[in-house]
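Each chain is listed here by its residues.
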Amino acid sequence: MHRYILHRLLLMIPTLLGVAVIVFVLMRVIPGDIVEMRFAEGRFFNQELVEKERARLGLDRPLWRQFVDWLWGVARLDFGLSMWSGGPIRHEIAIRLQLSLQLALMATVVAILLAIPLGTVAALWQDTWIDYVVRVFSIAGLATPSFWLGILMFLCFLIIFQWIPPMVFTPFWQDPWQNLAQMTWPALAVGYRYSAVAARMTRAAMLEVLREDYIRTARAKGLGQGRIVRHHALKNAMLPVLTVIGLEFAFLLGGLVVTEQVFNLNGLGLLFVQSVARRDYTLVQALVLLTASVYIVVNFGVDLLYAWLDPRIRYQ
Amino acid sequence: MNVAVDAHLEVTAQPVWYRWPVSLGSFARRWPLGAAGMVIIVLMLASAVLAPWIAPYDPLETDFAAQFSPPTTAHWLGTDGFGRDLLSRLMYGSRTALLIGFVAAFSGATLGAILGVASAYCGGHIDLMVQRLVDMFLAFPIIILALAVVSILGTGISNVILAITLPMIPNCTRVVRSSALAVRVMPYVESAHAAGCGSARVVFRHMLPNVMAPYLIMLTAYVGQAILLEASLSFLGLGVAEPTPAWGLMLRGAAVEFAESAPWMAIFPGLAISLGVFAFNLFGDALRDAIDPKLRTL
């Protein structure tokens, strides 16, 4: 087991290195750099100034040099300064991460609360009207863009309650009500889609587990339906559901670009779009490495959790 | 007796995808939800193909006398800020959605499948390298990949298709590879080798047809996902450019700004996206159950 963990940890290095190379190259292939973007609208635009600014940001050095310097910084967990704002990247990301993390956590809670009961009920009453309703509800969740759901929510609030949720982010510990009044709605919109993915997985896994011999044994020794579902079936069906929940969570941290736009949230997704548009190389690179690391670590964590929850699984 | 045994062998030796239900009627009875999805898909296809004949207006024709008109008998679904008829724009928009959906899903799933089968077939270092590459792209945020492609190449339908196709490839590679690993050790692959077939022939003629089940399932699921991704990109202003009618684009700008006074502008395009993706998902689910019930968790 220890060898397996070490092996997986070591495998993370080439993957992350690959991600670093891809984002580094990709950003430099996009036409225009930050200096052009910044001076594009200004009137005091001359070549000398552009060169000076490029030299200040280190963009005049050979590419390999820029890459090695950046990587050396990353290895020491120093992501450097944002090219656009000049502030430390760690700080730039930290203020947005607070919002994105809260949204991702709230959406996960919504998803779990919806998905596990719905998926279980659908599996228990397979091919009845209950199953069909749950399936249509969850497939609709996959099909509805959460940004459109957001627009509809705003419409309902405006037309029915003449109220709009607050637009400025207040940290939870400063004013929990104000914070929840803003964050509940995006969490519901995103959580619905997320719950659809998890509910489908719960249903599929439950269907498989309910056909196992040990469930028949449990029934044969006279256990009630509730006890069988809670103690025997659900526990065994949760493994694939955990994977889905984990991977979706990793995606939510950086992938909610459009939803954040609709709900006017200043999270990581918006920062992503802004920094690509501004060609803020250092910030984009740090953001991509962050989300890729979260994805890889969550993936790894889920695998370890598997072995811990299911003693039959032993990694070599 | 011999004949019966031979006939039986004949049937089981066929790849999985030959075994799906032949008649539409039996499909509809066993998978009513899938049949409902199919009906919606056929309607979408019909409105896309027949748009020039059945659309009440030209989708680009502006009519400033009818700006922000609510749904009326003249404009069934209302008009937008330029007085363009929403129903006609939705009909023409289904062309954009289906074109991007089908082309992106087909190229993404096909390239992924070829890569997956080749990776499983070659094994060893090549397999390991392909898998590491897949890991990298899976960990890479999809939206950044799409953003970068569009920023490098510019907006427009073909670039949007490329931006949507790229992230699909690694996903499909992984799924198809795991099926192909099982196929690789099958006796018929071995006998193909023994008969002197080259690698390309074994991959394309013997292995690929036998991973059709996961391939077809991924393909249908991807059409829906591609339509959704296109809508998101267009909504961000990174997809199809005005004045091309596209559902995501119709939700952008005025549709949000004037949502309170002209809610039809925000409601109908979103409904079209949801219904389209919904139909492909319903159909894909039924197809998956029909072709290979073991792949339920895909």
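The shown structure was predicted, so the numbers you read here are calculated from the model rather than taken from an experiment.

Right, let's talk about the environment of A198(A) for a bit. All names here are of chain A. By the element assignment, A198 lies in helix α8 (residues 176-210). According to the C-beta neighbour criterion, A198 is buried, with 26 such atoms within 10 Å. Put simply, A198 and P166 are 32 residues apart on the chain and 30 Å apart in space, counted from C-alpha to C-alpha.

On to helix α5 (residues 89-124) of chain A, then. With 36 residues, α5(A) ought to run about 52 Å at 1.5 Å a step, and its terminal C-alpha atoms sit 50 Å apart, in line with that. Of all the bends in α5(A), the largest measures some 30 degrees and sits at L97(A).

What follows deals with helix α5 (residues 124-139) of chain B. Note that an α-helix has 3.6 residues per turn; residues three or four places apart therefore point the same way. Relative to the 22 Å expected for 16 residues at 1.5 Å per residue, α5(B) spans 23 Å between its end C-alpha atoms, a close match to the ideal helical length. What α5(B) keeps buried is the set V130(B), V134(B), D135(B), M136(B) and A139(B). Against the buried residues of α5(B) lie α1 (2-29) and α13 (281-309) of chain A together with α4 (86-122) and α7 (157-184) of chain B.

With 40 residues of chain A at the interface, the matching set in chain B holds 35 residues. If you list the elements that add at least two residues to the side of chain A that touches chain B, you get α1, α6 (129-143), α7 (146-161), α8, α10 (225-255), α11 (257-262), α12 (268-277) and α13 of chain A. A per-element tally of the side of chain A that touches chain B places α1(A) first, with seven residues. Broken down by class, the residue content of the side of chain A that touches chain B amounts to 33 nonpolar, six polar and one charged.

Our focus in this paragraph is the confidence of the model for chain A. As a general rule, the predicted coordinates of low-pLDDT regions are not to be interpreted in detail. Residues with a pLDDT of 70 or more make up 97% of chain A, whose mean pLDDT is 85. Across chain A, the secondary-structure element scoring lowest on mean pLDDT is helix α2 (residues 34-39) of chain A, at 74, and the one scoring highest is α6(A), at 91.

Attention now moves to the environment of W185(A). Residues and elements named next belong to chain A. As for its placement among the helices and strands, W185 is situated in helix α8. Under the C-beta neighbour-count criterion, W185 is labelled partly exposed, with 19 such atoms within 10 Å. Between the C-alpha atom of W185 and that of G150, which follows or precedes it by 35 residues, the distance is 7.5 Å. Not counting chain neighbours up to four residues away, the residues in contact with W185 comprise M153, P165 and F263.

What follows deals with the packing of α5(A) against α8(A). Packed helices, taken two at a time, are described by the angle their axes make and the gap between the axes. Residues and elements named next belong to chain A. With their axes 5 Å apart at the nearest point, α5 and α8 run at an angle of 35 degrees to one another. As α5 runs across α8, the sense of the crossing is right-handed. Along the lines of polarity and charge, the residues of the contact of α5 with α8 split into 22 nonpolar, six polar and one charged.

Note on backbone geometry: most residues besides glycine have negative phi, and most peptide bonds are trans. Residue and element names in this part refer to chain A. In this structure, L77 is a non-glycine residue whose phi angle is positive, near 60 degrees. Looking at the secondary structure, you find L77 in the loop between α4 (63-75) and α5. Positive phi, close to 55 degrees, is recorded for R279, a residue that is not glycine. Within the secondary structure, R279 is located in the loop between α12 and α13. With 23 C-beta atoms packed within 10 Å, R279 lands in the buried category.

Definitions and limits used
- Residues numbered from 1 in each chain as written.
- Chains lettered and ligands numbered in written order.
- Predicted model: local features only at pLDDT ≥ 70, side-chain atom pairs only at ≥ 80, totals over all residues.
- Helix = DSSP H or I, 4+ residues; strand = E, 2+ residues; numbered from the N terminus.
- Buried ≥ 20, exposed ≤ 12 C-beta atoms within 10 Å, placed from the backbone.
- Expected span 1.5 Å × (residues − 1).
- Bend = angle between axes of the 7 residues up to and from the residue.
- Contact = placed C-beta atoms within 7 Å.
- Nonpolar A, V, L, I, M, F, W, Y, C, P; charged D, E, K, R; others polar.
- pLDDT = per-residue confidence, 0-100.
- Axes fitted to C-alpha atoms, helices over the stretch in contact; angles between N-to-C directions.
- Left-handed = near helix turned anticlockwise from the far one by under 90°.

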